[in-house]
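What follows is each chain in one-letter form.
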Amino acid sequence: MLYSDKVMDHFSNPRNVGEIEDADGVGEIGNAKCGDIMKMYLKIDNNIITDAKFKTFGCGAAVATSSMATELIKGKSIDDALKLTNQAVVEALDGLPAVKIHCSVLAEQAVRSALSDYYTKQGIDPIPIVGEIKEPEE
Ligand code: FES
């Protein structure tokens, strides 16, 4: 089996799909090579991510990793969300095939992109906090 049960579960039954209309931060990230695009919406209250939703136009692994990423950051502080690495997403899904690791990077960067937008909307320069948002190159 190429994909773990957890990946199949999050692909067939993704959590937190959709948009948040009055989101405090919206991020979008794409991968030029595969053409996949991920959009991430966050609701933030007192530095806590109270809600997270996503829309992913992409492969099954991109859907599964964005679903898992939203689950991992919901209810967490911004600091914790900034520490979310793509490896943590992959581990939470019980692994991904090597050729699909870049899909998890998309999920990690989508979260960071939404947080970056959140700070920008507050009039705070996001770069020192969030860093540059990088499009995965693989
Ligand atoms: Fe592009 Fe998965 S193949 S994100």
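Look up: the structure comes first, before these words.
Everything quoted here is computed from the prediction, not taken from an experiment. (Residues numbered from 1 in each chain as written. Predicted model: local features only at pLDDT ≥ 70, side-chain atom pairs only at ≥ 80, totals over all residues. Heavy atoms only, no water.)

1. Here's the deal with the environment of Ile 101
Stated precisely, the cut-off is as follows: Strands are runs of DSSP state E lasting at least 2 residues, helices are runs of H or I lasting at least 4, and numbering of each runs from the N terminus. The classification of residues rests on relative accessible area computed with a 1.4 Å probe and restricted to protein chains. Under 20% of the type maximum is buried, over 50% is exposed, and intermediate values are partly exposed. Throughout, a contact is declared for two residues whenever any of their heavy atoms are within 4.5 Å.
The residue Ile 101 is located in helix 5 (residues 101–121) in this model. A relative accessible area of 28% places Ile 101 in the partly exposed class. Considered as a pair, Ile 101 and Glu 28 are 73 residues apart in the sequence and their alpha carbons are 18 Å apart. Excluding anything up to four places from it in sequence, Ile 101 contacts Asn 86, Val 90 and Leu 96.

2. Description of the environment of Asn 47
Along the chain, the position of Asn 47 falls in the loop between strand 2 (37–45) and strand 3 (48–57). For the pair Asn 47 and Ile 78, spaced 31 residues apart in sequence, the C-alpha to C-alpha distance is 5.6 Å. Those residues in contact with Asn 47 that sit more than four places away from it in its chain are Lys 76, Ser 77 and Ile 78.

3. Observations regarding the sheet that holds strand 1 (residues 25–30)
Rules: For two strands to be treated as a pair, DSSP must find at least two bridges joining them. To get an axis, a line is fitted to the C-alpha atoms, and for a helix only the part in contact is used. The angle between two axes follows their N-to-C directions and goes from 0 to 180 degrees.
Read from one edge to the other, the open sheet built from three strands follows the order 1-2-3, with strand pairing classed as antiparallel. Of all strands in the sheet, those with a lone pairing partner are strand 1 and strand 3, marking the two edges. For this sheet, the mean angle separating the axes of adjacent strands, direction not counted, is 15 degrees. Across the sheet, helix 2 (residues 60–73) touches strand 2 and strand 3, and the angle it forms with strand 3 is around 175 degrees. Across the sheet, helix 5 is in contact with strand 1, strand 2 and strand 3; its angle to strand 1 comes to roughly 145 degrees.

4. With respect to the packing of helix 1 (residues 5–12) against helix 2
The condition that has to hold: Just so you know how the angles are binned, under 35 degrees is roughly parallel, over 145 roughly antiparallel, 65 to 115 roughly perpendicular, and the rest oblique. Charged means Asp, Glu, Lys or Arg here, nonpolar means Ala, Val, Leu, Ile, Met, Phe, Trp, Tyr, Cys or Pro, and polar covers whatever is left, Gly included.
Between helix 1 and helix 2, whose axes approach to 8 Å, the crossing angle comes to 90 degrees. On the basis of the axis angle, helix 1 is roughly perpendicular to helix 2. Only Gly 60, Val 63, Ala 64, Ser 67, Met 68 and Glu 71 of helix 2 make contact with helix 1, whose side of the interface consists of Val 7, His 10 and Phe 11. Across the contact of helix 1 with helix 2, the residue classes tally to five nonpolar, three polar and one charged.

5. Quick look at the side chain of Ser 104
Locating Ser 104 in the fold gives a position in helix 5. Looking at Ser 104, the relative accessible area reads 0%, which means it is buried. Once residues within four sequence positions are removed from consideration, Ser 104 is found in contact with Thr 65, Asn 86, Val 90 and Leu 96.

6. Considering the environment of Ala 52
The residue Ala 52 is located in strand 3 in this model. Along the chain, Ala 52 and Val 111 lie 59 residues apart, while their C-alpha atoms are 9.3 Å from each other. When near neighbours in sequence (up to four residues on either side) are disregarded, Ala 52 contacts Asn 16, Ile 20, Tyr 41, Leu 42, Thr 70, Ile 73 and Lys 74.

7. A short note on the nonpolar core
Looking at soluble globular proteins, one finds that nonpolar side chains tend to be buried together. Heads up, the condition is: Throughout this description, the term nonpolar core refers to a set of buried Ala, Val, Leu, Ile, Met, Phe, Trp, Tyr and Cys residues connected via side-chain atoms within 4.5 Å.
Core analysis: the largest hydrophobic core is formed by 35 residues, its most contacted members being Leu 42, Ile 49, Ile 73, Val 111 and Leu 115. Elements that contribute at least two residues to this core include exactly strand 2, strand 3, helix 2, helix 3 (78–82), helix 4 (86–92) and helix 5. The dominant element in this core, judged by the number of residues it contributes, is helix 5, at nine residues. In this structure Leu 42 touches Ile 20, Ala 23, Asp 24, Gly 25, Ile 49, Asp 51, Ala 52, Ile 73, Val 111, Ala 114 and Leu 115, once residues within four positions along its chain are discounted.

Geometry only, nothing functional implied.
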